[in-house]
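# A look at the structure
The primary structure of each chain is shown beneath.
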Amino acid sequence: MKVLKINYSKKLPAIGLLILVPLVGVVAYFSMCNKDAFRFVSAFAAVMFVNLAIELIRGWRRIVVNDECIEVKSRYQWTVCFRDVEDFYPVTYKGQYLIGIHYKQEHENYRTDEYLDETRETRMGYKLSPGAPYEIPTRYLDIKPQELLKQLNERLHLQKITSRTE
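A few points on the structure. (Residues numbered from 1 in each chain as written. Predicted model: local features only at pLDDT ≥ 70, side-chain atom pairs only at ≥ 80, totals over all residues. Heavy atoms only, no water.)

### Focus: the pairing of strand 6 (residues 96-103)
Of all 8 residues in strand 6, 7 are buried; the element is thus mostly enclosed. Taken together, the 8 bridges between strand 5 (residues 85-93) and strand 6 define a ladder with antiparallel strand orientation. Directly across from Val85, in strand 6, lies its bridge partner Tyr103. With antiparallel pairing between neighbouring strands as the criterion, strand 5 and strand 6 make up a hairpin whose turn holds 2 residues, including Lys94 at a positive phi of roughly 50 degrees. Of the strand pairs in this sheet, strand 6 and strand 7 (residues 135-137) are connected by 3 bridges, and their pairing is antiparallel. Bridge pairing in strand 7 places Ile99 opposite Ile136. (Buried < 20%, exposed > 50% of the residue type's maximum accessible area, 1.4 Å probe, protein only. Helix = DSSP H or I, 4+ residues; strand = E, 2+ residues; numbered from the N terminus. Pairing = 2+ DSSP bridges.)

Shown next, in the form of structure tokens:
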């Protein structure tokens, strides 16, 4: 099957840059009377501009799905093999749509649903890779979360069928 590459959407940083430039211009115009305020606004604008430009150019998050596994690439990369997964399911956490991963009971990452619900806040707080290894964040990807969930479950189903026939 074809390798599916899902990238971080570049729309949001681009929109952020388009909003930031006129906003900083207006605030800078009104703060020119006060040199300290002008310096603060200039420093803030420079930091925001650089951050958004880096996000626009680089794009931290990327998901690669092949026949055997999913690679979730953010600032930290982690992999989920289909042979270790029972199913993928939708999760909503603080308004954010995630794709949850039910591991098979014999796998080392298997946890009960209650445990996953209780510890989700801690996992989502990880800056390098939020949700790892039990949820895949879908925010700002260039594919709809429901479509990604459908693709993952289809690939999982195909992998289960092929592993039974071998």
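### Concerning the packing of aromatic side chains
Here the structure, examined in full by the defined rule, presents 2 aromatic pairs. Here the aromatic rings of Tyr103 and Tyr134 are separated by 5.9 Å at their centres, their planes lie at 90 degrees, and the arrangement is edge-to-face. Here Tyr103, found in strand 6, pairs with Tyr134, found in the loop between helix 3 (113-124) and strand 7; they are 31 residues apart in sequence, far enough to count as distant. In this structure Tyr103 comes out as buried when scored by relative accessible area, which is 6%. Residue classification places Tyr134 among the buried positions, given a relative accessible area of 7%. (Phe/Tyr/Trp six-rings, centres within 6.5 Å; stacked < 30°, edge-to-face > 60°.)

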